[in-house]
Amino acid sequence: MTMTECASCADERAAGAAFCESCGRSLAAGPACPHCGAAGAVGEDGYCEQCGMLAVRPRDHLEVDGGEVAAAATDRGQRHHRNEDAMWLAVRGGDVDVVVCDGVSSSFDPDVASATAAGAAGEMLASTGDVGEAILTAKQAVAELATDGDPRRAVSNPACTIVAAVVRGPEVTYGWIGDSRAYWIPGEGPAEQLTEDDSWATHVIALGVDPEVAMRDPKAHAITGWLGADAGSVQPRAASFTVTEPGHLVLCSDGLWNYLTDPAAFAAAVRTGLHEHGTLINAARYLTDYANNAGGADNITVALIPVQPSAAEE
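Residues numbered from 1 in each chain as written. Predicted model: local features only at pLDDT ≥ 70, side-chain atom pairs only at ≥ 80, totals over all residues. Heavy atoms only, no water.

## Notes on helix 8 (residues 280-293)
Argument step 1. Taking 1.5 Å of rise per residue, 14 residues should cover 20 Å, and helix 8 covers 20 Å from first to last C-alpha, within 8% of that figure.
Argument step 2. Residues Leu280, Ile281, Ala283, Ala284, Tyr286, Leu287, Thr288, Ala291 and Asn292 constitute the buried set of helix 8.
Argument step 3. Looking at the buried residues of helix 8, the elements they touch are strand 3 (61-65), strand 4 (71-75), strand 12 (247-252), helix 6 (254-257), helix 7 (263-277) and strand 13 (300-307).
Argument step 4. Of the residues one or two after helix 8, glycine 295 is the one with positive phi, at around 140°. (Helix = DSSP H or I, 4+ residues; strand = E, 2+ residues; numbered from the N terminus. Expected span 1.5 Å × (residues − 1). Buried < 20%, exposed > 50% of the residue type's maximum accessible area, 1.4 Å probe, protein only. Contact = heavy atoms within 4.5 Å.)

## Quick word on the sheet that holds strand 13
Argument step 1. Taken together, the six strands give an open sheet; going across it, the order is 3-4-13-12-9-10, and neighbouring strands pair in antiparallel fashion. The outermost strands of the open sheet, each flanked by one partner alone, are strand 3 and strand 10 (192-193).
Argument step 2. Two strands pair when backbone bridges link them, and strand 12 and strand 13 are joined in this way by six bridges, in the antiparallel orientation. Bridge pairing in strand 13 places leucine 251 opposite alanine 303. (Pairing = 2+ DSSP bridges.)

## Notes on the pairing of strand 12
Argument step 1. Within strand 12, six of the six residues are buried, which leaves it mostly tucked inside the rest of the structure.
Argument step 2. The two faces of strand 12 match: Gly247, Leu249 and Leu251 on one face and His248, Val250 and Cys252 on the other face are all buried.
Argument step 3. As defined by bridge partners, strand 9 (residues 181-186) adjoins strand 12 across six bridges and the pair is classed as antiparallel. From the neighbouring strand, alanine 182 faces strand 12, where its bridge partner is leucine 251.

## Structural notes on the packing of helix 1 (residues 110-128) against helix 2 (residues 131-143)
Geometry of a packed helix pair, given as the angle between the helix axes and the separation of the axes.
Argument step 1. Closest axis-to-axis distance for the helix 1/helix 2 pair is 8 Å, and the angle between their directions is 145°. Crossing of helix 1 against helix 2: the hand is right-handed. Contact residues: helix 1 offers Ala113, Thr116, Ala117, Ala120, Ala121, Met124, Leu125 and Thr128, while helix 2 offers Val131, Glu133, Ala134, Thr137, Ala138, Ala141 and Val142.
Argument step 2. Of the residues belonging to the contact of helix 1 with helix 2, the class tally is 11 nonpolar, three polar and one charged. (Axes fitted to C-alpha atoms, helices over the stretch in contact; angles between N-to-C directions. Left-handed = near helix turned anticlockwise from the far one by under 90°. Nonpolar A, V, L, I, M, F, W, Y, C, P; charged D, E, K, R; others polar.)

## Here we look at helix 2
Argument step 1. Between the first and last C-alpha of helix 2 there are 18 Å, a value that for 13 residues agrees with the 18 Å anticipated at 1.5 Å per step.
Argument step 2. Burial in helix 2 covers these residues: Val131, Gly132, Ala134, Ile135, Ala138, Lys139, Ala141 and Val142.
Argument step 3. For helix 2, the elements touching its buried residues are helix 1, strand 7 (160-168) and strand 8 (171-177).
Argument step 4. Near the N-terminus of helix 2, the side chain that reaches the backbone nitrogen of glycine 132, with its oxygen 3.1 Å away, is that of aspartate 130. (Polar contact = N/O pair within 3.5 Å; in protein donor to acceptor, adjacent residues only side chain to side chain.)

Put into C-alpha cells, the structure is as follows:
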C-alpha cells in the first residue's frame, strides 16, 4: 500500500486520505512553506498548517480568462514579498476594457495604490469608455489615499503607474502614465511599442544621450510620471488606431518587458505563448513563467487581446 507523510506530524498514512488520522490536518498536496520548509503544508487560506505563518497572499498569482476574447495574469515574481501590480479586465461580447498598474515600491502601500487605480479606471471605462478620463479618475483615487488619516501614507504617499486600453471591434484606444507599456504584435515581424515610458532614460535620450549609455545608467528606470498625491500636474497621454491586419494588443508591467527589451524578442515570446500553448490564458501563463524563469526580479502582469480588422478592411 502506498503511504504518504503528514507534513504536520510526520505520521505515515495511506495515500489518498483527506486528513491525517493522528493530528486531523489536511493531507491535500499544497506548496511548501517558505518559512519552515514543510512540504504541502500551505492551506487554502494561504497559512502554513505547520508553523502558522502566512505563506501565500491572495494576490501572489491571479488570472482572468476571457476565453478567445482576452486573458490576463499577474504574478508576484521571485524576489518581492508581495504583488504590487494590479489589473482589470472586462469583456462584454467583443468589447474589452483592460488596465495594468504597477505600484511604486519606494512609496508606502504601493499594492493598495495599484489596486485602487486599476479598480477606479476599470469602473470608469465600463461607464464611459474614455481612456483619458479613466486614468484621471484613477489618479484622483490614488491621490486621496494620502488623506485617509494614515500618517504613513501622508509622509510617503501610495503611488503607481498605469496603462489602460479599450478595444471596440477594430478600434483600439490606449493611454498611460509611467512605464507600464502597451504593444502591438502583428502577425509577423517585431513588436511595436505603442507607449513611451515616462522615465529618466526616455527623457535624456530625447535630449541626445546615446540610448545604450542611458539604459546602463542606474537612474534609467526612474519614472518621471506616476499616479499619487505628489504626482503634480502630470497628464495621461493617449492615442488610437484602427487595426487593418490581425494581431494582438499586449499590456504589461516592466516585470515582463525588462526581460524582453528587443522588439523582435518580445514578439517572438508572445507568439510562442500563443502558438505553442493554445489559448490566451495559457499564453499569459507562459509569459509570466518566462519572466519568472529569467529571474522574476519584479512583479509581472500581462494582458493579451486579439484584435481583428473589420470585414471591409479584410
